[in-house]
Amino acid sequence: MKSKNISETIPRPDGMAKATGRALYIADLPQGDADGRTQDGGVPVGPSVGLGTNQLVGRFYRSPHPRGRITARRYPQVPDGYTIVDATHVPGKNQIPMAASRDLPCFADEEVRYIGQIVAIVVGPDPQVVDELVDGIEIDVEARPVCLNMEESIALKGGAIHGTDNVFCRVDLDRGDVDAAFAHAATVAEGVYDTGFQEQFYMEGQGLITWRDGDRVGVRGSMQCPYYVNHAVTHVLGLPHDGVRVIQDTVGGAFGGKEDYPEIMGAPMAVASWVTGQPVKMLMDRVEDMAFTSKRHPSRCTYRSAWDAQGHLLAMDVLIDIDGGAYESYTKIVLMRAVFTCLGVYNVPAFRIRGRGLATNTVPSGAFRGFGAPQSLFGLEMHMEEAARTLGVESLELKKKLFLQKGDSTITEGTFRDTIILDELVAEAERLSQYSQKRAQYPTGGMRGIGMSFIIHGCGFTGDGEQKIIKGEVALEKDEAGHVEILCAAVDFGQGPQTTFRKVVAAVLGKEPEEIGFRYPDTDRVPDSGPTVASRTMMVVGYLIQKAAEDLRDHWKEGEFQRVEQKYSMPPGMAWDQEKLLGDCYATYGWGINVCEVETDPVTWETKVVGAWGIYDVGKAVDQRVVDGQIQGGMSQSLGYGAMEKLEIDHSGRFRQITMSDYMVPTSLDFPRTEASTVDNPYPYGPFGAKGMGEMVHDAGHAAYAAAVEQAVGKPCPCIPLVPETLLNIMEEHR
Amino acid sequence: MGMSVRPVDLAEALILRDESGALPFAGGTDLMVRHRAKNGMGPSFQKSLLFVDHLPELRRVKWDHGELEIGAAVPMAVLADDPRARKDALRREEASEEALSKIPSLLRDAAFDLGAPALRTRATPGGNVANASPAGDVLTALVALDARVILAHRNGERELPVLDFTLGPGKTQLAQNELIRAFRFPVPETRWCYWRKVGTRRANALTKVSLGAFGTIQNGTLESLSLAFGAVGPRIVLADDAAKMLLGFSEKDFESSDGKTRMAQAQKLAAQVISPIDDQRSTAHYRKTVALNLFEEALRALAKNLKENTDD
C-alpha cells in the first residue's frame, strides 16, 4: 500500500456500484443469469445458482392468533404447480437452532405463541394465486389470554408461556456484601429505567432464494451469517453440513436484523425447495418485515446505589429484565451482554445483579446493534444522573471518581489488561463540546440542556465463545500469477469489510487494496470465520486475516499456488469459566463518550438536538471514513431510539407502527452531523491495533440525549423513546 | 384494473370522467400508497385511472381581481417556493411572478411542511383536498384561507367552500362526473398568517396536530380571523366562535384585563370544538393540549404583529 498510515481513507471498492444502483441485490437478480461474472464495479456477483426459470414465489401463512393450542388446520384446494408446506414436511428437526436455544419451531406445530408465527409456506409460480391460497388457509386454536409485556409475564397471565415461570434465562452476578453496604449507606439513590422495542430498519428488506440440487439444498440472499443459515438448514433438513450451500448476495443493511431472521425465514423456504425440487424466492414486503421480524428487546432496569457520607459509592443493586418475546432465540446472549455491561465504565466495589429474560406473546426479540448494551447502559447512565441529583453533585464529577483503570477487576472478576484512556477521551469531549461550561451555564428547566454518557463495549463474543463456539477460521489463496484472495465468511452489509480487509492484506503484502480479491461468502468456498456480529469482524476476523497475510508474505513462493490458513486462539492470559461466569468476559473493550445538546419547545414538547458529539477509543481506525460512517449512523440510530422510534403493541401483541409513515426512523433533517473524534489506543491482538466499534456507536447516544432533556425540562426522564407525548406526561406528573 | 387514460385537455378529461367515472390521478402520492400491493406486484387499482397531472387548466396559478386561483394539479413544490419548480412554472407560463408573489405564507409554509422535496414535485393541492384527511396540511391551510373549491364538469362549474367539500377521511362531495379544477381565495393587502405543523419528525412526517390561522388587519385592528385546526377530528376544525371573540382586537387588548378575559373565553370555545383521538401516531391528550398551546402561540404572534404594525 502506498500510504504508511492504515487509517488513511481509500475509496470503498463497493461504493460506486452501490451509489449508482449497479450493485445487484437479491430482488435484482435476473432469472437465468449465468454469465460467469464474479465482480461488477467492485461489488462481487454470486454464481447463478437458484436463478432458474422454474423459480417459485413463496409466501408465509402466519398465525392470526396470538396464543393457543392448534386444534385444526384448513387448507384450500391447491392447483397444479402450487404447494402448501408445513411442519409435517420437515425431514429433520422442526426447530431453528440458534447459538444458545432451539425452542423456536421452523413451522408452528402444536401451538402458536404470537401473531405472525410461521405456520406454513405456500409456493407457486404466480404471486397472485399464492396470495389467494395464503388467504384461504385457516387454523383454529384453543385460545389463551395474551401476555403482552414483562409485568404480565411475571404475573403469569394466562399461565406460563415458557416453563413454569416465564423466565427463559437468568444471569446473576455478585460481589461483596451488598446488604451491609446498603445498611450503612448515608445516601441511597433508586430508579426504574425503561427502554422500548426498536426496529432495525435496514434499507433492503429481508429476501432469500432457496433451491434444491439433487441431495443438496442452497440458500442465497441478504444475510449477516452464512454459516448460521447453513447450520439451521442442515438441522431442519437433516442433511450433513456439506449438503447445504449458502451464498451471500449484496446486503443493504442489517443492524442485527439479518442475524437470526434469515434462518427463521430460510429454513421453511428450504423445506419448500426440498419438497418441490424447485427454487423458491421470497422478498419480504416492508409491512410484513416490520410487523414480524425480530426487534430489539425492551428492557426495564431497576438500579439502587448506596453511597457513604463522603459521597463514595459503596454498592449497587441491579435488576435487569428484558422482554424476549414468544421464544427464547438469542435472549440469553443478549441478557449476558446487558448484565456484563451494566456497571459501565465504573469501578463498583460491591454489587448484586439479577438479570432475567422473560417470555411474552410478542414477536421473538432478536439481535440488534449493541445487543443488550444500549439497554443496560441507559439504565446505568440515567441512574448516575439520578444519584448525582440525590447527592447534590455534578454527574460528571461523580463518574470521574469511579472510572475504571488498567488492572482493575472486570464485572466477572477478570482483569482489564489494556490501557484505559477515559481521561483523554473526557478531555477531547470537553474540547469539542465545551460540555462542563454549558452544563454549568444552562439553568435547570430552562428548556436547554446538555448531557454526557459513557460507553464500554466488550469486543467479540462473550467469554470463551470465540474459542469454544465459533472457532473462527480464515484462509488466503494465491494463484500462480500472484493474485491473492481472501476466503472468510464475513459479510459487508455497509460496515466496510470489503474495504478494510483488503487494506489489511494489502498493507502486509505491499500491494494495493484493489488488487486483493474478496468475493461474497459462499459456504462451498470459504471456511467458517464466524458470524458477522458482536463487533468481532474487524478485530477478530481481521486479525486472523492479518496473521494469514503475514504467513503468506513470509513464505511467498513466486509462480506457485499457495493457501494459508489461520484459526482463532484466545489472546494470552485470557480465561473464562462459562459455568460460573467468571474470568474475562471479553478479550478487550471499546470505550466512548457521547455528548448531546438539546432545546425543548414548551409549546409542543418537541426537542431539537442542536449538537451531538462522539469520542471513541477504537484501538486504531483501519479506515477513518469507514469508522466515521459508523459513528454518524450509530449516533442517528441511538438518537432515534432515544427520541423518536416509538414501537407499541396492541391488545393482541401486534406492533402498531408497521409502516414507514408510522415508525419514525430519523431523516437527515432530524439530527445534526455528529462531531466525531477517535483517539488511538492500539490493541495488540487486533489488525494494526483495531478493536471492535460498530456497535458501541449505538450504545449510549440515547442516554446522553435523555440526560440533556432532563436538564432542559428539569424533570427526571427515565424512559425512552422520549417522544413529545411522553415528555408532556412527565411534565404533568411532576407539576 | 380497467383502462388508464391520459387526456390532452380538461374538456376531454371531463368527457372521459363523465363517461367512465375513472379515478382522477394527479401526483399519485396518496393513491400509490393506498393501492400498493405486495412485493413483486404492481399497484392494484380496481377502477380505470384518469391522469390529470399534466392538464394545463389544472396547473395555473392566477392573480385575478384580488383573488388567487391555484390549479388543482400545481405541484406542491411551486407552492412551497422551491426555486427549480418555480422557474419551471414560469417557463411553462403556468404562473406569473406577480401571482406567485401573492401566495400567502400560510399556504407556502404548509406546502413546504408536506413530505420531502421529491414528494413535493409530485403531490398536488387537488390530491391533498380530495384525500380529505384531517391531517392534510394544504387542506388545513386552504380552510384557514376560506378558499373555495372549483369543481368542473362537462357542462360547467360549481364552487363550494373547501371545508364543506370534505365529509371525512377519504370522503368528499366530488360527483362522479366532476374534477377538482382549482381553488380560489382572496388575498388582502394587510394580512396576518400563522402556520405550525406538529409532525412525527422533521421531514416525510404526518401531522399529529396543526393550526393554520389567517386574519385581516385594518387600521391596527383585527377585522377578520379564521382558525383551522388539523388532525383534531374527522375533518378540519374551524374554531369560528373562538375567532369571533377576538374580532376588533388591537395591540392594547392583549394586555388589558377585558382582552385577557376574551382570550381565555376564546380558548375555552376552541377547546370545545377540538375532539382528537388516540392513534398510532399520537394521543388525544397530547393533540388537545398542544392544539391549545398552538392557539396561545398564534395569539402571541398576532399581538406581536399588531404591535409592529402599530409602531410603523
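Going along each chain's sequence as written, the residues are numbered from 1 onward. Here chains are named by letter from A upward and ligands by number from 1 upward, in the order in which they appear as written. The model is predicted, so local features are restricted to residues of pLDDT at least 70 and side-chain atom pairs to those at 80 or more, both for listing and for counting; the totals for chains, interfaces and linings are taken over all residues. In computing side-chain properties, one takes all heavy atoms of the structure into account and sets aside hydrogens as well as water.

**Quick notes on the overall build of chain B**
Step number 1: Along chain B, the regular secondary structure elements total 13 helices and 14 strands.
Step number 2: We compute the radius of gyration from the C-alpha atoms alone; for a globule the expected value is 2.2 Å times N to the 0.38, where N is the number of residues. For a compact globule of 312 residues, the expected C-alpha radius of gyration is about 20 Å, and chain B comes in at 20 Å, within 12% of that figure.
Step number 3: For chain B, the spread of C-alpha atoms along the three principal axes comes to 65 × 45 × 35 Å.
Step number 4: Three exposure classes are used, based on accessible area relative to the maximum for each residue type with a 1.4 Å probe and protein chains only: buried under 20%, partly exposed in between, and exposed over 50%. Taking all 312 residues of chain B together, the buried fraction comes to 53%.
Step number 5: Entry remark: accessible area of chain B is about 13700 Å², with carbon and sulfur atoms responsible for 50%. Counting from the N terminus, the helices are the DSSP runs of H or I reaching at least four residues and the strands are the DSSP runs of E reaching at least two. Note on areas: Shrake-Rupley with a 1.4 Å probe; residue coverage comes only from the protein chains shown.

**Structural notes on unusual backbone geometry**
Residues and elements named next belong to chain A.
Step number 1: Between Ile-720 and the following residue, Pro-721, the backbone shows a cis peptide bond with an omega angle of 0°.
Step number 2: Here Pro-721 lies in the loop between helix H17 (701-713) and helix H18 (724-733).
Step number 3: Residues other than glycine seldom take positive phi values, yet Phe-371 does so here, at roughly 55°.
Step number 4: Topologically, Phe-371 is positioned in the loop between strand S17 (351-359) and helix H9 (373-391).
Step number 5: Phe-371 gets classed as buried once you look at its relative accessible area, which sits at 12%.
Step number 6: Unusually for a residue other than glycine, Glu-413 sits at a positive phi of about 65°.
Step number 7: Examined against the element boundaries, Glu-413 turns out to sit in the loop between helix H10 (395-400) and helix H11 (422-433).
Step number 8: For Glu-413, a relative accessible area of 39% translates into the label partly exposed.

**Some words on the nonpolar core**
Nonpolar side chains in soluble globular proteins tend to be buried together.
Step number 1: Among the buried residues, those of types Ala, Val, Leu, Ile, Met, Phe, Trp, Tyr and Cys that are joined through side-chain atoms within 4.5 Å form a nonpolar core. Counting residues in each nonpolar core, the largest one holds 198 residues, and the members touching the most others are A:Phe340, A:Phe454, A:Trp591 and B:Phe229.
Step number 2: Listed in part, the 58 residues of the second largest apolar core include B:Leu58, B:Val138, B:Leu145 and B:Ala228.

**Some remarks on the interface of chain A and chain B**
Step number 1: Between two residues, a contact is recorded if the distance between any of their heavy atoms is within 4.5 Å. In this assembly, 35 residues from chain A lie in contact with 27 residues from chain B.
Step number 2: Summed over both sides, the interface of chain A with chain B buries roughly 2600 Å², with 49% coming from carbon and sulfur.
Step number 3: Whenever two N or O atoms come within 3.5 Å, that pair is a polar contact, provided that in protein one can donate a hydrogen and the other can accept it, and provided that, for residues adjacent in sequence, both atoms are side-chain atoms. In this structure, the connection of chain A to chain B is made through 15 residue pairs in polar contact (both at pLDDT 80 or more).
Step number 4: Among the secondary structure elements, those contributing two or more residues to the side of chain A that touches chain B are helix H2 (127-136), strand S25 (606-617) and H18 of chain A.
Step number 5: Considering only residue class, the side of chain A that touches chain B consists of 15 nonpolar, seven polar and 13 charged. By convention, the term buried area covers the 1.4 Å-probe accessible surface removed from two parts as they join, with the contributions of both added. Following the grouping adopted for this structure description, the nonpolar residues are Ala, Val, Leu, Ile, Met, Phe, Trp, Tyr, Cys and Pro, the charged ones are Asp, Glu, Lys and Arg, and the polar ones are all others, Gly among them.

**Description of the sheet that holds strand S21 (residues 562-567) of chain A**
Residue and element names in this part refer to chain A.
Step number 1: Spatial strand order, S20-S19-S21: three strands in an open sheet with antiparallel pairing. Whereas interior strands pair on both sides, the edge strands pair on one side only; in this sheet they are strand S20 (484-487) and S21. Strand-to-strand twist in this sheet, taken as the mean axis angle between neighbours without regard to direction, amounts to 15°.
Step number 2: Should DSSP find at least two bridges between two strands, the strands are taken to pair. Summarising the sheet, strand S19 (residues 473-478) and S20 pair through four bridges and their orientation is antiparallel. Opposite Lys-478, over in S20, you have Val-484 as the bridge partner.
Step number 3: The strands touched by helix H14 (residues 497-509) are S19 and S20; relative to S20, the strand with the most contacts, the crossing angle is about 135°.
Step number 4: Where helices are involved, their axes are fitted lines through C-alpha atoms of the stretch in contact, as for all axes, and angles between N-to-C directions lie from 0 to 180°. Running at roughly 35° to S19, helix H15 (residues 537-554) makes contact with S19, S20 and S21 of the sheet.

**A look at the pairing of strand S16 (residues 313-325) of chain A**
Residues and elements named next belong to chain A.
Step number 1: S16 sits mainly inside the fold: 11 of its 13 residues count as buried.
Step number 2: The hairpin formed by strand S15 (residues 299-307) and S16 contains five residues between the paired strands, and Gly-311 there has a positive phi angle of roughly 85°.
Step number 3: In this sheet, S17 lies alongside S16 in parallel orientation, the contact comprising nine bridges. Looking at the pairing, Val-318 lines up with Ile-353 of S17.

**Observations concerning the domain arrangement of chain B**
Residues and elements named next belong to chain B.
Step number 1: Marked domain ranges trace back to an automatic or database domain assignment. Considered domain by domain, chain B is made up of domain 1 (54-186) and domain 2 (191-311).
Step number 2: On the domain 2 side, the residues contacting the 27 residues of domain 1 number 22 residues.
Step number 3: Each partner contributes to the roughly 1900 Å² buried at the junction of domain 1 and domain 2, and carbon and sulfur atoms together form 63% of this total.
Step number 4: The term salt bridge refers to a side-chain nitrogen of Lys or Arg lying within 4 Å of a carboxyl oxygen of Asp or Glu. If you look at where domain 1 meets domain 2, you find one salt bridge.

**Thoughts on the packing of H9(A) against H17(A)**
To characterise two packed helices, one gives the angle between the axes of the helices and the distance between these axes.
All names here are of chain A.
Step number 1: Two elements in contact, H9 and H17, have axes separated by 9 Å at closest approach and are oriented at 30°. Comparing their axes, H17 and H9 come out roughly parallel. By crossing handedness, the relation of H9 to H17 is classed as right-handed. The residues of H17 that touch H9, namely those facing Pro-374, Phe-378, Glu-381, Met-382, Glu-385 and Arg-389, are His-702, Ala-703, Ala-706, Ala-707 and Glu-710. Relative orientations are named as follows: roughly parallel for angles under 35 degrees, roughly antiparallel for angles over 145 degrees, roughly perpendicular for angles from 65 to 115 degrees, and oblique for any other angle. In this scheme the crossing of two helices becomes right-handed for a clockwise turn of the near helix relative to the far one and left-handed for an anticlockwise turn of less than a right angle.

**Structural notes on the sheet that holds strand S12 (residues 207-218) of chain B**
Residue and element names in this part refer to chain B.
Step number 1: Taken together, four strands build an open sheet; the order of strands is S11-S12-S13-S14 and the sheet is antiparallel. The open sheet has two free edges, formed respectively by strand S11 (191-199) and strand S14 (237-238), since each of these has just one partner strand.
Step number 2: Pairing of S11 with S12, which is carried by nine bridges, proceeds in the antiparallel orientation. Its bridge partner lying in S12, Trp-195 is registered against Gly-212.

**Here's the deal with the confidence of the model for chain B**
Step number 1: Per-residue confidence from the predictor is given as pLDDT, running between 0 and 100. Overall, the prediction assigns chain B a mean pLDDT of 95, with 98% of residues at 70 or greater.
Step number 2: Note on the complex model: pTM 0.97, ipTM 0.96.

**A word on helix H6 (residues 261-276) of chain A**
Residue and element names in this part refer to chain A.
Step number 1: Here a helix's expected span is defined as the number of its residues, less one, multiplied by 1.5 Å. Between its terminal C-alpha atoms H6 stretches 23 Å, which fits the 22 Å expected from 16 residues at 1.5 Å a residue.
Step number 2: Counting buried positions along H6 gives 14 out of 16 residues, so the element sits mostly inside the fold.
Step number 3: Positioned one or two residues after H6, Gly-277 has a phi angle of 75°, which is positive.

**Let's talk about the pattern of salt bridges**
Residue and element names in this part refer to chain A.
Step number 1: Per the stated rule, a full pass over the model turns up 86 salt bridges over all chains.
Step number 2: In this structure, Asp-524 and Arg-216 form a salt bridge, with 2.8 Å as the shortest nitrogen-oxygen distance. A residue pair is termed long-range when its members are at least 10 positions apart, and Asp-524 in the loop between H14 and H15 and Arg-216 in strand S12 (residues 216-221) qualify at 308 residues.
Step number 3: Judged by relative accessible area, Asp-524 falls into the partly exposed class, the value being 37%.
Step number 4: Judged by relative accessible area, Arg-216 falls into the partly exposed class, the value being 27%.
Step number 5: A salt bridge links Arg-431 to Glu-428, with the nearest nitrogen and oxygen atoms 3.0 Å apart. A residue pair is termed a helical-turn pair when its members lie 3 or 4 positions apart in one helix, as Arg-431 and Glu-428 do in helix H11 at three residues.
Step number 6: By relative accessible area, which is 16% here, Glu-428 ends up buried.

**So, empty space enclosed by the protein**
Residue and element names in this part refer to chain A.
Step number 1: Put simply, the grid is 1 Å and covers the protein atoms alone, a cavity is a trapped set of points that fit a 1.4 Å probe, a pocket is an open set with protein on both sides within 12 Å along at least five of seven lines, and lining residues have an atom within 4 Å of a point. Grid points are joined across faces, edges and corners, and a volume is the space filled by probe spheres set on the points. Under the criterion given, the structure shown has five cavities of 30 Å³ or more.
Step number 2: In this structure, the largest cavity encloses a volume near 180 Å³.
Step number 3: Gly-344, Leu-404, Thr-410, Ile-411 and Phe-416 are the residues nearest the centre of the largest cavity, which is lined by 20 residues in total.
Step number 4: Counting residues per element, the lining of the largest cavity draws most heavily on strand S18 (residues 448-458), at three residues.
Step number 5: Of the residues contributing to the lining of the largest cavity, the split by class is 12 nonpolar, seven polar and one charged.
Step number 6: Within this model, the second largest cavity holds a volume of roughly 50 Å³.
Step number 7: Along the walls of the second largest cavity sit Cys-459, Gly-460, Phe-461, Gly-463, Glu-466, Met-539, Val-540, Tyr-568, Met-574 and Ala-587, which together make up its complete lining.

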